[in-house]
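Per-entry structural report
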Amino acid sequence: MVLLHLRVAAAAAVAYPLLRHGSRCMSTTTTAAVKEMTPTELSKLLDQQLKTDPFQKQIKLIDARERHEIEEHGRIHGALNIPFSVFKSDKDTYAAALEDVFNGIKHDDTTLVVHCMSGRRSHEVTQLAMDVGIKNSYNMVGGFKRWLADELAYEPYKNNHSPWVHTIFEPETETAQYVVADIETKEAYVIDPVLDYDAFAGTVRPNTAKAVLDYIQRRRLHVTKIIDTHVHADHLSAAIFLKNALPTKPDFWIGNKVTDVQKVFRERYNLSNGELKVTGEQFDHLVSEGESWVLGKNIQCSAIHTPGHTPACMSHRIGDAAFVGDTLFMPDIGTARCDFPGGSAEQMYQSVHKMYNAWPNDTRIFVGHDYPPANSHRSYEVMTTLEAHKRFNVMVNENISVNEYIQKRSARDKQLRAPRYIHPSLQTNLRGGNLPDNEKTPNGEQAGKFFKIPVRWAE
Ligand SMILES: *[C@@H]1O[C@H](CO)[C@@H](O)[C@H](O)[C@H]1NC(C)=O
Ligand SMILES: *[C@@H]1O[C@H](CO)[C@@H](O)[C@H](O)[C@H]1NC(C)=O
Ligand SMILES: *[C@@H]1O[C@H](CO)[C@@H](O)[C@H](O)[C@H]1NC(C)=O
Ligand SMILES: [Fe+2]
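Here is a short report on the structure shown in this document. Every residue gets a number counted from 1 within its own chain, in the order that chain's sequence is written. Chains and ligands are labelled by the order in which they are written, letters from A for the one and numbers from 1 for the other. pLDDT decides what is reported in this predicted model: residues at 70 or higher carry local features, side-chain atom pairs at 80 or more are listed and counted, and totals for whole chains, interfaces and linings draw on all residues regardless. Neither water nor hydrogens contribute to the side-chain values; these are computed over all heavy atoms in the structure.

**A few points about the sheet that holds strand β8 (residues 187-191)**
To keep things clear, this is the line we draw: For two strands to be treated as a pair, DSSP must find no fewer than two bridges joining them. Helix and strand assignments come from DSSP, with helices taken as H or I runs of at least 4 residues and strands as E runs of at least 2, each series counted from the N terminus. Axis lines are fitted through C-alpha atoms, for helices just across the contact stretch, and the angle between N-to-C directions can take any value from 0 to 180 degrees. Residues are treated as being in contact if the distance between any of their heavy atoms lies within 4.5 Å.
Taken in spatial order, the six strands of this open sheet run β6-β7-β8-β11-β13-β14, and their pairing is mixed. Each end of this open sheet is capped by a strand with a single partner; those strands are β6 (164-170) and β14 (285-287). With strand direction ignored, the average angle separating the axes of adjacent strands in the sheet is 25°. Pairing of strand β13 (residues 251-255) with β14 involves three bridges; the strand directions are parallel. In the sheet register, Gly-255 faces β14, and the bridge partner there is Val-287. Of the strands in this sheet, β6, β7 (175-181), β8 and β11 (222-227) are in contact with helix α9 (residues 207-218), which crosses β6 at around 155°.

Spelled out as structure tokens, the structure:
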């Protein structure tokens, strides 16, 4: 259906010979003509996407203006900002950011539309997008000025500048790791990095984390924080490996309720105070409800406490992107499970509604995992908008009552087994990403490091 529309849009571009002439003057390196779309055509496609696409990936809209222009004039709902000044100074970085709009997933039927204030800067960006192989790229003719002249809807700036998000998906535990950067200053955070664990060999190794490291080095990012959204129970955190490997020695952040989780599991694993301190002192910073700070130049960040999956889950809004860990999953899955110690479906429902009420509708929601339903035939996806969850999330769309959700969630949780690596994960992650201390033999020799695995007779 979308493809049909686009052919119409491409044909309509013929109606703007002046701009097409302009394009010939400006592009010296490439011969392919830049395809164009009018604001009205784009607006129709965006409306249709909002109503029909749970993944909001038919159209990706790039705003190539500078941040101060957005603060002053407002923005188109859902547009992702990559400032043209970056294009001017560093095309390679700009191209990488354009590719990251797809979150590491090849979407052949996604259409990229670029706009700026008048259509000139966006023309150059569209050309670059085509050069790097994003074939379905369009320039919105006339820019935001014409969007306004056509009386199409726009929004004021809401402390929602766009960070640059790079996704590295770890398929074994189906975990999404994110590198989130301010493209202008190159300050960056790493969110939920994975340390590989081989249960048969009894080893950990940083293969996945090295891919994260390579990316950080290749893009010359200055990582100042590593954030775990919660105490993961399905994979070991690579925070300590990355912290040691990065010259910037980033701070390791986790939610301040981590101490409650430490207390619960110290008891469960019958560990002594010396074996597992329950003070949270293993982390550099315990982030609390409502805390706010700034990434790079002016990307506003804030954290909210979103318990339900675990009592210490935090969700971080970084400009127009939110990293929600294991709360919301993609709309065709619903949410994370709520049957771990201290979990609560009722709290999960409240947490999701807290996001629904606190954040702008076009906030990009980046999930902590993706488990594509067997019958969906879709590949991994990690992002859709908050509004798409309100409309399409099968468990917590805006029409579902708390009781209905609790019923759905607990029915589903009864079918789930514990994560394969739950015990090594918890016993590492509760120690701030450190393995247990070395044990010694009675004559003082190193005996090695051990995880405790509980076992009992089945009923
Ligand atoms: C359980 O923990 C307590 C307190 O650390 C310790 O004294 C006791 O030996 C532990 N039990 C076993 C079987 O290790
Ligand atoms: C956000 O999206 C929901 C669901 O589509 C809608 O009901 C609500 O009015 C929107 N809020 C705003 C402020 O536009
Ligand atoms: C929620 O209810 C309203 C009013 O009945 C309806 O228009 C809308 O489509 C419903 N949304 C979902 C996600 O079911
Ligand atoms: Fe989790």
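**Topic: unusual backbone geometry**
Keep this limit in mind: Relative accessibility thresholds used throughout: buried, under 20% of the residue-type maximum; exposed, over 50%; partly exposed, between the two (1.4 Å probe, protein chains only).
Unlike most non-glycine residues, Glu-151 shows phi in positive territory, near 60°. As for its position among the elements, Glu-151 is in the loop between α8 (143-149) and β6. The class for Glu-151 is exposed, based on a relative accessible area of 72%.

**Regarding the coordination of the iron ion (ligand 4)**
Note the cut-off: Donor atoms: N, O and S within 2.8 Å of the metal, or within 3.2 Å for Na, K and Ca. Because water is excluded, sites can look incomplete.
For the iron ion (ligand 4), every protein donor is listed as His-230 (NE2), His-309 (NE2) and Asp-326 (OD), and the spread of their distances is 2.0 to 2.5 Å. Expressed as a motif, the donor residue spacing for the iron ion (ligand 4) is H-x78-H-x16-D. Taken together, the residues His-309 in the loop between β16 (299-305) and β17 (314-318) and Asp-326 in the loop between β18 (321-323) and α12 (345-358) connect sequence positions 17 residues apart. For the residue pair His-309 and Asp-326, the accessibility class agrees, reading buried in each case.

**Topic: the site of ligand 2**
Convention followed: The nearness test applies per residue and asks whether one of its heavy atoms lies within 4 Å of the molecule or strand. In the analysis that follows, any N or O atom pair within 3.5 Å is treated as a polar contact, provided that within protein one partner can donate a hydrogen and the other can accept it, and provided that, for residues neighboring in sequence, both atoms belong to side chains. Residue burial considers only the protein chains on display, and all accessible areas are found by Shrake-Rupley using a 1.4 Å probe. Amino acids are sorted into nonpolar (Ala, Val, Leu, Ile, Met, Phe, Trp, Tyr, Cys and Pro), charged (Asp, Glu, Lys and Arg) and polar (every other residue, Gly among them).
Residues in contact with ligand 2, as listed here, are Asn-361, Glu-387, Lys-390, Arg-391 and Glu-398. At a separation of 2.4 Å, an oxygen atom of ligand 2 approaches a polar side-chain atom of Asn-361. Glu-387 places a side-chain nitrogen or oxygen 2.8 Å from an oxygen atom of ligand 2. For ligand 2, whose accessible area on its own is 360 Å², the fraction buried by protein is 45%. Taken together, the residues that form the shell around ligand 2 break down as no nonpolar, one polar and four charged.

**Here's the deal with the pattern of salt bridges**
Pairing between side chains of opposite charge can happen when the charged atoms of each approach one another. Keep this limit in mind: Every case where a carboxyl oxygen of Asp or Glu lies within 4 Å of a side-chain nitrogen of Lys or Arg is listed as a salt bridge.
In total, this model carries 22 salt bridges according to the counting rule given. Here Glu-381 makes a salt bridge to Lys-57, at a shortest N to O gap of 2.6 Å. Pair noted here: Glu-381 is in the loop between β19 (364-366) and β20 (383-385) and Lys-57 is in the loop between α3 (39-52) and β2 (59-63), with a separation of 324 residues, a long-range link. On the basis of relative accessibility, which here comes to 24%, the residue Lys-57 falls in the partly exposed class. Taking the shortest distance from any N to any O, the salt bridge between Lys-297 and Glu-184 comes out at 2.8 Å. With Lys-297 in the loop between β15 (292-295) and β16 and Glu-184 in the loop between β7 and β8, this pair connects stretches of sequence that are 113 residues apart. Lys-297 gets classed as partly exposed once you look at its relative accessible area, which sits at 47%. Judged by its relative accessible area of 26%, Glu-184 falls in the partly exposed class. Put simply, Arg-67, Asp-182, Glu-184 and Lys-297 are held in one network by salt bridges that share partners.

**A short note on empty space enclosed by the protein**
To be explicit about the condition: Cavities and pockets were defined on a 1 Å grid built from protein atoms only: a cavity is a group of points that admits a 1.4 Å probe but offers it no way out, a pocket is an open group of points flanked by protein on both sides within 12 Å along at least five of seven lines, and a lining residue is one with an atom within 4 Å of any such point. Grid points are joined across faces, edges and corners, and a volume is the space filled by probe spheres set on the points.
Going through the model one piece at a time under the given rule, you end up with four cavities of 30 Å³ or more. In this structure, the largest cavity spans a volume of roughly 110 Å³. Forming the boundary of the largest cavity are 16 residues, of which Leu-80, Ala-97, Pro-163, Trp-164 and Val-165 lie nearest the centre. Put simply, the parts of the chain that give the lining of the largest cavity at least two residues each are β3 (80-81), α6 (91-100), β6 and β19. Of the residues assigned to the lining of the largest cavity, the class counts are eleven nonpolar, three polar and two charged. Of the pockets and cavities examined, the second largest cavity occupies roughly 90 Å³. Secondary structure elements with two or more residues in the lining of the second largest cavity: α11 (258-268) and α15 (422-429). Classifying every residue of the lining of the second largest cavity by side-chain character gives nine nonpolar, one polar and no charged.

**Thoughts on the site of ligand 3**
Looking at ligand 3, the residues that line it are Arg-391, Asn-397 and Asn-399. Between an oxygen atom of ligand 3 and a side-chain N or O atom of Asn-399, the distance comes to 2.3 Å. For ligand 3, whose unbound accessible area comes to 360 Å², protein coverage reaches 32%.

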